[in-house]
Amino acid sequence: QLARFLHDSGYGVYTWSNTFVDMFSLLTLFGMDQAVARHVALAYAEKDDRGAVVATGTALRVVLLSGLLISGALFFAAPVVASMQGKPELVTPLRLLAATPVFYHATTIFLVATQDYPSIRNAQRYLSFLVQLGFTIDQVKILVNFYTKKPSPNLASLDQIQQTLNQPVFYGIPQSNAVLTAINK
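Attention here is on the structure that accompanies the text. (Residues numbered from 1 in each chain as written. Predicted model: local features only at pLDDT ≥ 70, side-chain atom pairs only at ≥ 80, totals over all residues. Heavy atoms only, no water.)

1. Some words on the overall build of the protein
Looking only at helices and strands, one finds eight helices and three strands in the protein. The contacts in the protein between residues at least 6 apart in sequence include a share of 75% that link residues at least 24 apart. As displayed, the protein has an accessible area near 12,400 Å², and 63% of this comes from carbon and sulfur atoms. (Helix = DSSP H or I, 4+ residues; strand = E, 2+ residues; numbered from the N terminus. Contact = heavy atoms within 4.5 Å. Areas by Shrake-Rupley, 256 points an atom, 1.4 Å probe, with all protein chains shown as cover.)

2. Regarding the nonpolar core
The biggest cluster of nonpolar side chains holds 15 residues, and the ones touching the most others in it are Leu111, Leu127, Val140, Ile142, Ile161 and Leu165. Sequence-distant contacts of Ile142, that is, excluding residues within four places in its chain, are made with Leu111, Leu127, Leu165, Gln167, Pro168, Val169, Phe170 and Tyr171. In terms of nonpolar packing, the next biggest core, distinct from the first, is built from twelve residues, Val21, Ile70, Ala82 and Ala98 among them. (Core = buried A, V, L, I, M, F, W, Y, C linked by side-chain atoms within 4.5 Å. Buried < 20%, exposed > 50% of the residue type's maximum accessible area, 1.4 Å probe, protein only.)

3. Things to note about helix 6 (residues 117-132)
Helix length check: helix 6, at 16 residues, gives a terminal C-alpha distance of 23 Å against a target of 22 Å (1.5 Å per residue), a fit within 8%. For helix 6, the complete set of buried residues consists of Ser119, Ile120, Ala123, Leu127 and Leu130. Seen along its axis, helix 6 keeps its buried residues to an arc of 95°; they face one direction. Away from its buried face, by an angle of more than 90 degrees, helix 6 presents the exposed residues Pro118 and Gln132. Close packing links the buried residues of helix 6 with strand 1 (109-113), strand 2 (140-147) and helix 7 (158-165). (Expected span 1.5 Å × (residues − 1). Arc of directions from axis to C-beta.)

4. Concerning the packing of aromatic side chains
Under the definition given, this model contains two aromatic pairs. Plain terms: the ring middles of Phe75 and Phe76 are 5.3 Å apart, the flat faces sit at 90° to each other, and that makes the pair edge-to-face. The class of Phe76 is exposed, set by a relative accessible area of 62%. Here Arg95 stacks its cationic end above the ring of Phe75, 4.4 Å away from the centre of that ring. (Phe/Tyr/Trp six-rings, centres within 6.5 Å; stacked < 30°, edge-to-face > 60°. Lys NZ or Arg CZ within 6 Å of the ring centre and 35° of its normal.)

5. Some details on the packing of helix 6 against helix 7
Viewed as axis vectors pointing N to C, helix 6 and helix 7 meet at an angle of 30°, and their least axial separation amounts to 10 Å. Considered as vectors, helix 6 and helix 7 are oriented roughly parallel to each other. The two elements helix 6 and helix 7 meet at a crossing, and its hand is right-handed. Contacts between helix 6 and helix 7 involve Tyr117, Ile120, Ala123, Gln124 and Leu127 on the former and, on the latter, Gln160, Ile161, Thr164 and Leu165. (Axes fitted to C-alpha atoms, helices over the stretch in contact; angles between N-to-C directions. Parallel < 35°, antiparallel > 145°, perpendicular 65-115°, else oblique. Left-handed = near helix turned anticlockwise from the far one by under 90°.)

Here is the structure:
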């Protein structure tokens, strides 16, 4: 459809611009996916929930900052790149696509649920909906908010959640009074 709308030359410009921006978008990750997996696993092994949260938060900030820097560089470099290619029509698509490095790694969906049964059922429905939209199960990470290791009879255990959703739980966020204190300040 896009090729019909842009015609041959317009689609060629779009494809070239998209490929050029994608090359730089790869730099935004800086190996953070592997670093987070390692640090979160180490934190879990040491039963350090705070360490896992800090590692994840730091990685997200680094990826966002690098994405913003690369996006800015691509935006301001667009006229230079277009003149080097001898195609001034590349400036607009390059500048429009320059924002993509910020969102390049936003292909992971964090689905937040609690341990109560209606929440798990809603998560199950939402997972099904996401698959219908074309997302893969690998792109969805399950977060359990207000996680408790020993749930009451009206709450599901981690194993029950994983079995119901046919997916591992990525992280359990424990309930903390510090959150309420921070909100009320």
